[in-house]
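# Geometric and topological summary
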Amino acid sequence: MRFESIKRDCTSRIGKLEIKGKEILTPSILWYSSERIKPPLFSSFLLSLEESDAISHSGSFFYPMPEKKGVSIPPSFVHPYAFPPELHKEEESWNREHAGEIQIISPKAVDEIHEDTTIYVLSNARELFSNPRNFIRAVVDVRNRIGYQKALYAPGLGEPSHIAILSYFTIDIFDSIPLIEKARMGIYLFPEGGYSGENLEEMPCSCPACREEERSFSSILEHNYYAAFSELKRVRNAIRNNELRNLVESRAASQPEIASMLRIMDGEYYRFQEERCPVSGGRVICSPLSLKRSDIERFRRRVINRYVKPSSAKILLLLPCSAKKPYSYSKSHSAFRRAINSCKNPEVVHEVIVTSPLGIVPMELEMIYPAAHYDISVTGEWSLDEREMVKKQLDLYVRKNEYDAVINHLPEEMAEFIDIGEKTCRGHPVSADSIENLSKALDEKVMGYEKITKNARRIENVKSIISYQFGGNILPEGCRVKGKYPNYKIFYRGKQLGMMVGSRGMVSLTIEGGEMLAEKGLYCVEIEDFVPHGSIFAIGVKDADREIRCGDEVVATHDGEVRAVGVAEMSGEEMVESSRGIAVKVRHHKK
Ligand SMILES: [Zn+2]
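Presented here is a report on the structure given in the accompanying data block. Predicted model only: the values in this text are computed from it and were never measured.

## Description of the sheet that holds strand S29 (residues 561–568)
The six strands are arranged S26-S30-S29-S28-S25-S27 in an open sheet whose pairing can be described as mixed. Since the sheet does not close on itself, it has two edges, and those belong to strand S26 (535–537) and strand S27 (541–544), each with one partner. On average, adjacent strands in this sheet sit at an angle of 35° to one another, irrespective of strand direction. When strand S28 (residues 553–558) meets S29, the two strands line up antiparallel, connected through six bridges. Looking across to S29, one finds that Val554 is bridged to Gly566. Packed onto the sheet, helix H16 (residues 511–519) meets strand S25 (524–527), S28, S29 and strand S30 (582–589) and runs at close to 100° relative to S29.

## Regarding unusual backbone geometry
For the peptide bond that leads from Ser356 to Pro357, omega is 5°, which places it in the cis range. Tracing the backbone through its elements, the reader meets Pro357 in the loop between strand S16 (349–355) and strand S17 (359–362). Here the phi dihedral of Lys20 falls at roughly 50°; this positive angle occurs in a residue that is not glycine. In this structure, Lys20 sits in the loop between strand S2 (12–19) and strand S3 (22–26).

## A closer look at the coordination of the zinc ion
Ligation of the zinc ion by protein atoms is provided by Cys205 (SG), Cys207 (SG), Cys210 (SG) and His223 (ND1), these donors lying 2.1 to 2.3 Å from the ion. With four donor atoms in place around the zinc ion and angles of 98 to 121° between them, the coordination shape is tetrahedral. Each donor residue of the zinc ion belongs to the same chain, and together they define the spacing C-x1-C-x2-C-x12-H. Of the two residues, Cys207 and Cys210, both sit in the buried class.

## Observations regarding the environment of Ser503
On the secondary structure map, Ser503 appears in the loop between strand S23 (495–501) and strand S24 (506–509). Taking the relative accessible area as the measure of exposure, Ser503 reaches 65% and is therefore exposed. Here the alpha-carbon distance between Ser503 and Asn487, two residues 16 residues apart in the chain, equals 9.2 Å.

## Things to note about the state of the cysteines
A complete count under the given rule lists zero disulfides for this structure. Lacking any disulfide linkage, Cys321 is separated from the closest cysteine sulfur, that of Cys286, by 9.8 Å. In this model Cys550 remains outside any disulfide bridge; the closest cysteine sulfur is found in Cys277, 9.2 Å from its own.

## A closer look at the pairing of strand S22 (residues 489–492)
Here strand S21 (residues 480–482) runs beside S22; their pairing, made up of three bridges, is antiparallel. The partner of Lys482 across the bridge, within S22, is Lys489. In this antiparallel pair of consecutive strands, S21 and S22, the connection spans six residues, and Gly483 shows a positive phi of 100°. Sheet analysis places S22 next to S23, joined by four bridges and oriented antiparallel.

Here is what the cut-offs are and how they apply
Residues numbered from 1 in each chain as written. Predicted model: local features only at pLDDT ≥ 70, side-chain atom pairs only at ≥ 80, totals over all residues. Heavy atoms only, no water. Pairing = 2+ DSSP bridges. Helix = DSSP H or I, 4+ residues; strand = E, 2+ residues; numbered from the N terminus. Axes fitted to C-alpha atoms, helices over the stretch in contact; angles between N-to-C directions. Contact = heavy atoms within 4.5 Å. Donors = N, O, S within 2.8 Å, 3.2 Å for Na, K, Ca; no water. Tetrahedral: all angles 85-135°; square planar, octahedral: opposite > 155°, others 65-115°. Buried < 20%, exposed > 50% of the residue type's maximum accessible area, 1.4 Å probe, protein only. Disulfide = S-S within 2.5 Å.

Here's what the structure looks like:
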């Protein structure tokens, strides 16, 4: 048996579980099968004592069953979660002794684990799930202990409405037991929750079971099977499209207990999520729960901790966001830009967008994920949380990046709580009055500065992007930038160092650019002694910068020599820990 992650999105991933020559895609449902309970026709991953290619189970400490041939869940010895740690210690040794390819693991005793195990079974998963805080702590403790390359199974969980959040919590396998139990109670399960048959005068489902008039146990069960299987496929598609978090938030909207889990996760386990979360992604559909999602929080932290403003930018111009992204492609921002360009020294002006949930976005970062990817309904009303976040973010930002003056072109409802600078907005930000005020303020403020050329400012902008991307400046003095925005090419002494790619908003490096990155010791992946051509597999990685996230631009080195540049397919930590899977997709390699 072996397990490998093949696609990552937020905390979650799609994996490939090879079991008895069969390949199972995870997240997956383990379908219970017995003489009385038939699994659905589409099932290929079975939990059964009878079928020969299924995962079997061997009872418990108290009622052991005869050992089955093949892959079997070992007999379990499990104390309730609330029992004191000493008792969990007892079960730990017992479970380790009985472990094979599958091991039962207690979240309260994770010291002794059987390293050759592929699937870990979270003990008390069902009991824990009813207490969000305990459940999350348990999953995080177990996941941190077993690492990236193992599958985690939460037995007794797998209702359609829970599949998205469980996948988000790094659980790879659920089962059909709750589908059966709910069918016995006459409950039809849907992605947003369950309904008793009595409350479904019209059946809002057209699965094969619901197309029949019959409402028996077996037809409800069949419906529940279809509902869970559809949601499972929806979740896997969301992971493929880097949009699982959107799906989880929409599930949380109809289930308060899921919302609580997400809040606890975001509030207390930022690091756990952030290090798994790729730096690029799909659309970000914002709900009130998006304010603390880890990719957005990471953006805010990097703007404060890493980003350095262009040095010629002396006048801070605060602007509202636009519905259209990137901002500069919108009508409103084109109007702001015209006003800036018509002043005498436009390159000393710095456009910074004030927005929820990102906080503030310096204009050069407009293409970077998630700045170009978020959608939020704009009503002009700001919640207290949003106000506080934006104020704090702006305050931290101007403390680090000093300007000589601030022009505040935010609409009145925002300028009311962002009370800094000269306010130029009257009514709508692009009204004739507002634009005239803005132009006047700009003319006045840019006076007295040495004229900055477009070219000089362009290279500063690229440096600012690099400071955000790598956490340091890697460009030597004397670089030049050519090309049309956003696809800038960076040159030094006639050689190209890299290129800004509009679709990623980040800088992609050439080998020469990689050398500059390696010199600073940033985003390096130390590999065995070879020149990689297509992909670097995790097995060939000796060490990696722990700042590396999936999607990052990295440089592969061996003994101080640059061998390749490319894009990370997993985080630095996962590369070092793993022995399988693609670590880096190579773009250029050493000749
Ligand atoms: Zn149905």
